[in-house]
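Architecture at a glance
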Amino acid sequence: DLHVGLRHLKVDRKQAGSPDFEQSYNLPNLALVFKLDNVISTYVSASEGLEHGGVAPFGTKNENLMLDAGKSKQLEIGVKAAISRDFNYSAALFRTTKPFEYTNAANFYVSAGEAEHRGIELSAQGNLSKDWALGASATAINARQNNTGDATIEGKRVTNVPSFKSTIYTDY
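No experiment lies behind these values; they were computed from the predicted model shown.

Conventions and cut-offs
Residues numbered from 1 in each chain as written. Predicted model: local features only at pLDDT ≥ 70, side-chain atom pairs only at ≥ 80, totals over all residues. Heavy atoms only, no water. 1 Å grid on protein atoms, 1.4 Å probe; cavity = no way out; pocket = protein on both sides within 12 Å on 5 of 7 lines; lining within 4 Å. Points joined across faces, edges and corners; volume = space filled by probe spheres on them. Helix = DSSP H or I, 4+ residues; strand = E, 2+ residues; numbered from the N terminus. Nonpolar A, V, L, I, M, F, W, Y, C, P; charged D, E, K, R; others polar. Pairing = 2+ DSSP bridges. Phe/Tyr/Trp six-rings, centres within 6.5 Å; stacked < 30°, edge-to-face > 60°. Buried < 20%, exposed > 50% of the residue type's maximum accessible area, 1.4 Å probe, protein only. Lys NZ or Arg CZ within 6 Å of the ring centre and 35° of its normal. Patch = residues over 30% accessible without salt bridge, like charges linked within 9 Å, V, L, I, M, F, W, Y side chains within 5 Å. Areas by Shrake-Rupley, 256 points an atom, 1.4 Å probe, with all protein chains shown as cover. Salt bridge = Lys/Arg side-chain N within 4 Å of Asp/Glu carboxyl O.

A few points about the layout of surface pockets
- As a volume, the largest pocket reaches approximately 230 Å³.
- Around the largest pocket, the lining is made up of 15 residues, and of these Lys98, Pro99, Phe100, Glu101 and Ala115 lie nearest the centre.
- Of all elements in the fold, only strand S5 (87-103) and strand S6 (109-127) reach the threshold of two or more residues within the lining of the largest pocket.
- It is S5 that provides the largest number of residues to the lining of the largest pocket, a total of four residues.
- The class makeup of the residues in the lining of the largest pocket is five nonpolar, six polar and four charged.
- Roughly 200 Å³ of internal volume is contained in the second largest pocket.

Concerning the pairing of strand S2 (residues 21-35)
- Both strand S1 (residues 2-13) and S2 contribute to a ladder of 12 bridges, which runs antiparallel. Directly across from His8, in S2, lies its bridge partner Asn26.
- Judged from the seven bridges that link them, S2 and strand S3 (residues 40-51) form a sheet pairing that is antiparallel. Across the sheet, residue Val33 finds its bridge partner in S3, namely Tyr43.
- The turn linking S2 back onto S3 is made up of four residues.

Section: the packing of aromatic side chains
- Under the definition given, this model contains two aromatic pairs.
- Geometrically, the ring pair formed by Trp132 and Tyr172 is edge-to-face, given 6.4 Å between the ring centres and 80° between the ring planes. Linking Trp132 in the loop between S6 and strand S7 (133-146) with Tyr172 in the segment after strand S8 (164-171), this pair joins segments that are 40 residues apart in sequence.
- The class for Trp132 is partly exposed, based on a relative accessible area of 40%.
- We note Lys80 situated over the ring of Tyr43; from NZ or CZ to the ring centre the distance is 5.4 Å.

A look at a nonpolar patch on the surface
- Nonpolar side chains collect at one region of the surface, where Leu2, Val4, Leu30, Leu32, Phe34, Leu36, Val44, Ile77, Leu93, Ile120 and Leu122 lie side by side and expose about 1,000 Å² of accessible area between them.
- Elements that contribute at least two residues to the nonpolar patch include exactly S1, S2 and S6.
- Sort the elements by how many residues they give to the nonpolar patch and S2 lands first, with three residues.
- Looking at where Ile120 falls in the secondary structure, it is placed in strand S6.
- Residue classification places Ile120 among the partly exposed positions, given a relative accessible area of 37%.

Points about the pattern of salt bridges
- Summed over all chains, the structure comprises five salt bridges.
- A salt bridge links Glu22 to Lys10, with the nearest nitrogen and oxygen atoms 3.5 Å apart. Here Glu22 is found in strand S2, whereas its partner Lys10 is found in strand S1, with 12 residues between them in sequence. Pair check on accessibility: Glu22 and Lys10 agree, each one exposed.

See the structure below:
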């Protein structure tokens, strides 16, 4: 199965101390799903998203300046299985890139280069009863700063991105 989509977004932002920002974006997404049998499907997908530009923090030379929005891009390949009507699992490898924002050596808050997140996600969901569902997921992430033009941060880990995260949830 081929899934194709296109989202159109219009961003209109205003902030004191910053020029107004108005821009339209077309964000495509594409997925190809191969159903191997009645239980297992594999897929590959590519999509674009929108990242709002940050605001230069207090103490920078461009304090309160709003940075432009930018596109993020994601590639993913995975497998999903419906073991039974009550139990599903999935595994996926992903790569996401988005604009990288930071305070440079000249004390300006800038968008330069990209934050690249590569990882793997495993998840499982099941029904414990007719009205009670339980799920869990685990994600390992390697997040790096690339193409920044700044040798002091190039290739280093992106701050505030965990290398591992997990979730357990229930719905009743």
